[in-house]
Amino acid sequence: MTTIAHRDADALALGLDEARRDYADLKDRGLRLDLTRGKPSPEQLDLSAELLTLPDGRYTALDGTDCRNYGAPSDGLRELRDIFAPVLQVPVDQLLAVGNSSLELMHDCIVHALLGDVPGAEGRWADQRVAFLCPVPGYDRHFALCARFGIDMIPVPMTDGGPDMAVVEDLVRSDARIKGIWCVPKYSNPDGTCYSDETVRRLSAMETAAPDFRIFWDNAYAVHHLDGETEVGDILAACREAGHPDRAFVFGSTSKITMAGAGVAFFGSSPANVAWWRANSGKRTIGPDKVNQLRHALFLKDNDGLRAHMRRHRAILAPKFATVERVFSEQLGDTGLATWTRPKGGYFVALRVLDGCAREVVRLAAEAGIAVTPAGATHPHGDDPDDRVIRIGPTYPALEELEQIAYGITVCVRLAGYERLTAQH
C-alpha cells in the first residue's frame with residue numbers, strides 16, 4: 001500500500017485513485033457478508049452441545065429440589081451460583097440466578113425503580129426527571145433501555161481506564177436527576193477497555209446528589225479473555241468499604257459462554273438491594289428455569305470447568321481478532337486514516353476513522369455487500385457527534401469470510417478518508 005502524506009496533493013490523489021480502483025474491484029466480487037452484531041459462531045455454540053442432552057434424566061438439585069416443579073430455590077440453584085460468584089465478584093448469598101439474559105434483568109431493575117422505591121430513594125423514579133451517564137463509545141442496548149423509558153442520556157468520554165472520572169464526579173455531585181451510570185467494566189463494548197482500580201475506587205466513593213444513585217455494572221465479559229486474564233476491582237466490596245453498600249447492581253450471564261439463546265442470567269448486589277429485587281420480582285414470576293440451571297451446573301461442573309470451557313472459546317476467537325489486527329495493520333497502518341483498539345478480551349474492536357467519515361464508510365461497505373453495525377450505534381440516540389466510531393464484531397464469521405470483511409472495510413475507510421481529505425485540501 002502507498003504511504004500517504006496528507007498535506008501532499010499528489011500523494012492524496014494517488015491514494016484516492018488507488019482506493020477507487022480497490023473499491024470497484026470489491027463491488028465486483030458480489031459479496032454478501034454480515035458483521036452487524038457480536039454473536040458467538042456456530043463453532044463456539046458447538047462447544048456446549050452437551051447441554052442438549054442434559055440433565056439426562058436427572059431433575060433434582062443438590063439440595064433435593066425437584067427442578068421440574070414450582071417452588072424453592074427462588075434465588076436459583078446454589079450449585080450454579082457457586083460457579084459464578086467468584087468470577088462476578090459477588091458473595092454467593094447475594095447472587096441470584098434469575099433469568100435468561102442480563103439485559104432482561106437490567107430492564108427489570110429500571111422498571112422496579114420507576115414503579116417503586118429502591119433502597120435509599122426519596123421517591124419513585126417515575127415521578128422524577130431521571131438521567132443516566134452513558135460512557136461513550138458504549139453499548140447500544142443500554143442506550144435503547146434509556147430511550148424506551150424516557151431517561152435522559154448524558155454522554156461521558158471513555159479513557160484508557162474507564163469513564164473520565166473527573167467528568168463523572170462533577171456531574172453526579174451537582175445534578176440530582178442523575179440516578180445511574182452504565183458500566184461494562186471488563187473488555188468494554190466496543191473498545192475493550194478494562195476499568196482501572198482507581199476508576200473502581202472513585203465510582204464507589206464519589207459524592208452524588210441523588211441518594212439512590214446506582215452503578216449498573218454489566219460484567220458481560222467477565223471470563224472472556226483473549227490474551228492473559230485481566231482482573232477488574234471488586235465493585236461491591238469497594239462500595240461497601242466507601243460507605244455506599246447499595247450503590248452497585250452487578251449483572252452477568254452465560255449468553256456468550258454456553259448457548260446465547262438458552263442461557264442463565266445473574267443479578268448481584270447488597271443484601272438490601274437483593275431483598276428489594278426479590279420483593280419485586282416475586283410478583284412477576286413463580287421462579288427461574290431450574291431445569292436449565294441444572295443442566296448448566298452439570299455441564300460446567302465448577303469454576304475450573306468454567307475456565308477450561310472459556311479457554312476453548314479463546315482458541316476459536318483469538319485467531320479472528322488476530323486476523324482483524326493483521327489486515328487493519330497491513331491496509332491502514334501507515335495511512336493516518338484510522339486507529340483501532342487491540343482488546344485483550346471481549347467481543348469487539350472499536351475502529352476510529354477520520355471525523356465525519358464513519359457513516360460514509362458504513363454506506364460504502366453496504367453497497368459492496370458488507371453489512372456493518374450502523375455508525376452512531378456506540379452513542380446515545382445513534383448520534384456520534386464526530387461521526388467517527390464503528391464497532392467491529394469479529395466473532396461470528398468464519399476466518400475466510402472475516403478476512404474478506406476486514407479487507408473490505410479497510411478499502412471503504414481509505415476511499416471515504418481520501419475523498420474527505422481531498423475535498424478539504
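Residues numbered from 1 in each chain as written. Predicted model: local features only at pLDDT ≥ 70, side-chain atom pairs only at ≥ 80, totals over all residues. Heavy atoms only, no water.

Draft legend 1. The arrangement of the domain arrangement of the protein chain in detail. With domains assigned, the protein chain is organised as domain 1 (9-44 + 307-424) and domain 2 (61-301). Here the C-alpha centre of domain 2 lies 30 Å away from the C-alpha centre of domain 1. With 28 residues of domain 1 at the contact, the number on the domain 2 side is 32 residues. Between domain 1 and domain 2, a total of about 2600 Å² is buried, with carbon and sulfur atoms accounting for 61% of that surface. Scanning the region where domain 1 abuts domain 2 turns up four salt bridges. (Domains from an automatic or database assignment. Contact = heavy atoms within 4.5 Å. Buried area = accessible area lost by both parts, 1.4 Å probe. Salt bridge = Lys/Arg side-chain N within 4 Å of Asp/Glu carboxyl O.)

Draft legend 2. Representation of the layout of surface pockets in the model. Approximately 540 Å³ is the volume found for the largest pocket. Lining the largest pocket are 23 residues, with Gly38, Tyr139, Arg141, Ser255 and Lys256 sitting closest to its centre. Top contributing element to the lining of the largest pocket by residue count: helix H4 (residues 102-115), with three residues. Residue-level mapping places the lining of the largest pocket at the junction of two domains, with at least three residues from each of domain 1 (9-44 + 307-424) and domain 2 (61-301). In this model, the second largest pocket occupies a volume close to 300 Å³. In terms of lining residues, the second largest pocket is bounded by 23 residues, among which Ser74, Val98, Thr285, Gly287 and Pro288 are the most central. (1 Å grid on protein atoms, 1.4 Å probe; cavity = no way out; pocket = protein on both sides within 12 Å on 5 of 7 lines; lining within 4 Å. Points joined across faces, edges and corners; volume = space filled by probe spheres on them. Helix = DSSP H or I, 4+ residues; strand = E, 2+ residues; numbered from the N terminus.)

Draft legend 3. Region of the structure containing the pairing of strand E3 (residues 131-136). Judged by how many residues are buried, E3 sits mostly within the fold: six of six residues are covered. By the bridge criterion, six bridges tie E3 to strand E4 (residues 152-159) in an arrangement that is parallel. What sits directly across from Ala131, in E4, is Asp152. In this structure, E3 lies alongside strand E6 (residues 178-183), joined through three bridges in parallel fashion. From the neighbouring strand, Phe132 faces E6, where its bridge partner is Gly180. (Buried < 20%, exposed > 50% of the residue type's maximum accessible area, 1.4 Å probe, protein only. Pairing = 2+ DSSP bridges.)

Draft legend 4. Spatial organisation of the packing of aromatic side chains. Going through the model one piece at a time under the given rule, you end up with 15 aromatic pairs. With centroids separated by 5.4 Å and ring planes inclined at 45°, the aromatic side chains of Phe132 and Trp182 adopt a geometry described as tilted. With Phe132 in strand E3 and Trp182 in strand E6, this pair connects stretches of sequence that are 50 residues apart. Taken as a pair, Phe132 and Trp182 share a single burial class, namely buried. With centroids separated by 5.4 Å and ring planes inclined at 75°, the aromatic side chains of Phe216 and Phe249 adopt a geometry described as edge-to-face. Pair noted here: Phe216 is in strand E7 (residues 214-218) and Phe249 is in strand E8 (residues 248-253), with a separation of 33 residues, a long-range link. (Phe/Tyr/Trp six-rings, centres within 6.5 Å; stacked < 30°, edge-to-face > 60°.)

Draft legend 5. Structural context of empty space enclosed by the protein. Overall, the coordinates contain five cavities of 30 Å³ or more when judged by the stated rule. Space inside the largest cavity adds up to approximately 90 Å³. Within the lining of the largest cavity, the residues separate by chemical class into nine nonpolar, four polar and no charged. Size it by volume and the second largest cavity reaches roughly 70 Å³. Tallied by class, the residues present in the lining of the second largest cavity amount to two nonpolar, one polar and four charged. When residues of the lining of the second largest cavity are sorted by domain, at least three fall in each of domain 1 (9-44 + 307-424) and domain 2 (61-301). (Nonpolar A, V, L, I, M, F, W, Y, C, P; charged D, E, K, R; others polar.)

Draft legend 6. Molecular detail of the sheet that holds E8. The strand order E2-E9-E8-E7-E6-E3-E4-E5 describes an open sheet built from eight strands, whose pairing is mixed. Two strands bound the open sheet, and with one partner strand each, they are strand E2 (95-97) and strand E5 (162-163). Against the sheet, helix H3 (residues 78-88) contacts E2, E8 and strand E9 (265-268), and its axis sits at roughly 130° relative to E2. (Axes fitted to C-alpha atoms, helices over the stretch in contact; angles between N-to-C directions.)

Draft legend 7. Structural detail: helix H7 (residues 197-205). Inspection of H7 places Thr199, Val200, Leu203 and Ser204 among the buried residues, and these make up the whole buried set. Taken down its axis, H7 places every buried residue within 125° of arc, on the same side. In this structure, the buried residues of H7 make contact with E5, helix H6 (165-174), E6, E7 and helix H8 (235-241). (Arc of directions from axis to C-beta.)

Draft legend 8. Examining the environment of Val411 more closely. Assignment of secondary structure puts Val411 in helix H13 (residues 399-424). According to the relative accessible area criterion, Val411 is buried, its value standing at 0%. When the C-alpha positions of Val411 and Val250 are compared, they lie 40 Å apart, and in sequence the two are 161 residues distant. In this view, Val411 contacts Ala19, Asp22, Tyr23 and Leu26; residues no more than four positions away in its chain are not counted.

Draft legend 9. How the structure looks around the sheet that holds strand E13 (residues 389-392). Read across the open sheet, the three strands follow the order E10-E11-E13; overall the sheet is antiparallel. Each edge of the open sheet carries a strand with a single partner, namely strand E10 (338-340) and E13. Adjacent strand axes in the sheet meet at a mean angle of 25°, parallel and antiparallel pairs treated alike. Across four bridges, strand E11 (residues 349-353) lies against E13 in antiparallel orientation.

Draft legend 10. Structural view of the side chain of Asp212. Relative to the elements of secondary structure, Asp212 occurs in the loop between H7 and E7. Accessibility expressed as a relative area gives 1% for Asp212, which makes it buried. In terms of polar contacts, Asp212 uses its side chain to reach the side chain of Lys179, at 2.9 Å. (Polar contact = N/O pair within 3.5 Å; in protein donor to acceptor, adjacent residues only side chain to side chain.)

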